[in-house]
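# Residue-level structural notes
Residues per chain, in single letters:
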Amino acid sequence: GGNNAGHTVVVDGKEYDFHLFPSGIINPKAISFIGNGVVIHLPGLFEEAEKNEKKGLKDWEKRLIISDRAHIVFDFHQAVDGLQEVQRQAQEGKNIGTTKKGIGPTYSSKAARTGLRICDLLSDFDEFSSRFKNLAQQYKSMFPTLEIDTEGQLKKLKGYAEKIRPMVRDGVYFMYEALHGSPKKILVEGANAALLDIDFGTYPFVTSSNCTVGGVCTGLGVPPQHVGDVYGVVKAYTTRVGIGAFPTEQINEIGDLLQSRGHEWGVTTGRKRRCGWLDLVILKYAHMINGFTALALTKLDILDVLDEIKIGVAYKLGGKRIPYFPANQEILQKVEVEYETMPGWKTDTTGARKWEDLPPKAQNYIRCVENHVGVPDVFSSLVKWVGVGKSRESMIQLF
């Protein structure tokens, strides 16, 4: 993905918003790397740096490395993203609900082999300029109302080229050295959720990249045998930004309560997230694709006030249970959810720091999730972390 996804990270009471930066950029001992699978909007990168510098982020440029094979998001890609959404709305009466950050159009350029990469920007600038002008011209012919200040954008890009030059490396060689050099911990952070994956998500209401585990290999150039543990991150309830089928959605006071208690607004767009009960069909589907070795179950505390809590355990079509997650949106709109109802714990869990601190009914809720999803053979449990608040201290580690 690109700066369409947002990650909020709270450290020492300070709240950082990251879009293009890997979340590890805060750690002064870690090297952060933006891989070839990411599409990079350079003005967005520096804007993000500036915002987080004001919050105390220091020396990030010494810790950030950018792959020379990453594609560039241009301002006109962002303009086109907006125009396409307007077109969809006019033609079909509905849009995809993109973030208008130019992600789809940039991946379209990448797939059409007309895209430009970081290595092109840092090579012969005259050659880059002529390819940039050709690409701009293509978009202008498709969207007659599109205005592009070609010279102005090129001038800015030349400036950005010099700013990022010291950070850019051959990403494949960089990862090879990282994997084969002195032993180190490598954490790969994916953007967006499994259900937004271009192949496996709720198409067409998806993003344009692979947000599932395969992105580790294609997005970084890492061979599959180096992929170790796969950690899934799931909220204790289900949310979705934008449109698309959402079987467990609660358009009622439950949905409103989850929305307000969970502060469910998109980090990138500020849009309200739609909320519903935890959907284990989706979680199992994500597990089929990614093969989680452990899960982080977050925002358990949001459920603290509920009298009873439901968990979606199966989908039915025409009264019959189906063992798979339907590909087709129209079919997905028709599924009936089978729920298991559990009593709420009606206790504040935000102070819990160990498993024993959680009320028995909250422990049961977590065990119920594990039993349905299936625990890996090697472990006694699947949920490794439980989140009961925003800060790092609020993560309970179970094993």
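As annotated in an unreviewed UniProt entry, the protein chain is adenylosuccinate synthase from Manacus vitellinus. Under the Catalytic activity (unreviewed entry) heading, UniProt states for the protein chain: "IMP + L-aspartate + GTP = N(6)-(1,2-dicarboxyethyl)-AMP + GDP + phosphate + 2 H(+)". Looking at the protein chain in UniProt, the text filed under Subunit (unreviewed entry) is "Homodimer."

As assigned here, the protein chain comprises domain 1 (1-172) and domain 2 (229-397). The C-alpha-based centres of domain 1 and domain 2 are spaced at 32 Å. Each partner contributes to the interface: domain 1 provides 19 residues, whereas domain 2 provides 8 residues. A buried area of about 920 Å², summed over both sides, lies between domain 1 and domain 2, and 56% of it is on carbon and sulfur atoms. Connecting domain 1 to domain 2 are 1 salt bridge. Taking the shortest distance from any N to any O, the salt bridge between lysine 390 and glutamate 15 comes out at 3.0 Å. Taken together, the connections running from domain 1 to domain 2 amount to 1 residue pair in polar contact (both at pLDDT 80 or more). The element that contributes the greatest number of residues to the side of domain 1 that touches domain 2 is strand E1 (residues 7-11), accounting for 5 residues. The residue inventory of the side of domain 1 that touches domain 2, partitioned by class, reads 5 nonpolar, 10 polar and 4 charged.

Quick look at the UniProt feature "active site" (unreviewed entry) in the protein chain now. According to UniProt, the "active site" (unreviewed entry) feature falls on Lys110. Residue position: lysine 110 is located in helix H4 (residues 103-111). Excluding residues that lie within four positions of it along the chain, lysine 110 makes contacts with Asn36, Gly37, His71 and Gly115.

Quick look at a negative patch on the surface now. Taken together, the side chains of Glu47, Glu50, Glu53 and Glu61 present a region of like negative charge at the surface. Along the chain, the position of glutamate 47 falls in helix H1 (residues 42-54).

What follows deals with the pattern of salt bridges. A complete count under the given rule lists 17 salt bridges for this structure. Residue arginine 165 pairs with glutamate 162 through a salt bridge whose shortest N-O separation is 3.1 Å. Looking at arginine 165, the relative accessible area reads 34%, which means it is partly exposed. Taking the relative accessible area as the measure of exposure, glutamate 162 reaches 48% and is therefore partly exposed. For glutamate 338, the salt bridge goes to lysine 316, with nearest N and O atoms at 3.8 Å. Remark: lysine 316 occurs in strand E13 (residues 308-317) and glutamate 338 occurs in strand E15 (residues 336-343); sequence separation between them is 22 residues. Overall, glutamate 338 belongs to the partly exposed group, its relative accessible area being 22%. Given the relative accessible area of 25%, lysine 316 is considered partly exposed. Residues joined by salt bridges that share partners form a network here, namely Lys235, Glu264, Arg273 and Lys299.

Rules of the game
Residues numbered from 1 in each chain as written. Predicted model: local features only at pLDDT ≥ 70, side-chain atom pairs only at ≥ 80, totals over all residues. Heavy atoms only, no water. UniProt positions renumbered as here; feature names shortened; annotations may be inferred. Domains from an automatic or database assignment. Contact = heavy atoms within 4.5 Å. Buried area = accessible area lost by both parts, 1.4 Å probe. Salt bridge = Lys/Arg side-chain N within 4 Å of Asp/Glu carboxyl O. Polar contact = N/O pair within 3.5 Å; in protein donor to acceptor, adjacent residues only side chain to side chain. Helix = DSSP H or I, 4+ residues; strand = E, 2+ residues; numbered from the N terminus. Nonpolar A, V, L, I, M, F, W, Y, C, P; charged D, E, K, R; others polar. Patch = residues over 30% accessible without salt bridge, like charges linked within 9 Å, V, L, I, M, F, W, Y side chains within 5 Å. Areas by Shrake-Rupley, 256 points an atom, 1.4 Å probe, with all protein chains shown as cover. Lys, Arg positive; Asp, Glu negative; His and termini not counted. Charge placed at Lys NZ, Arg CZ, Asp CG, Glu CD. Buried < 20%, exposed > 50% of the residue type's maximum accessible area, 1.4 Å probe, protein only.

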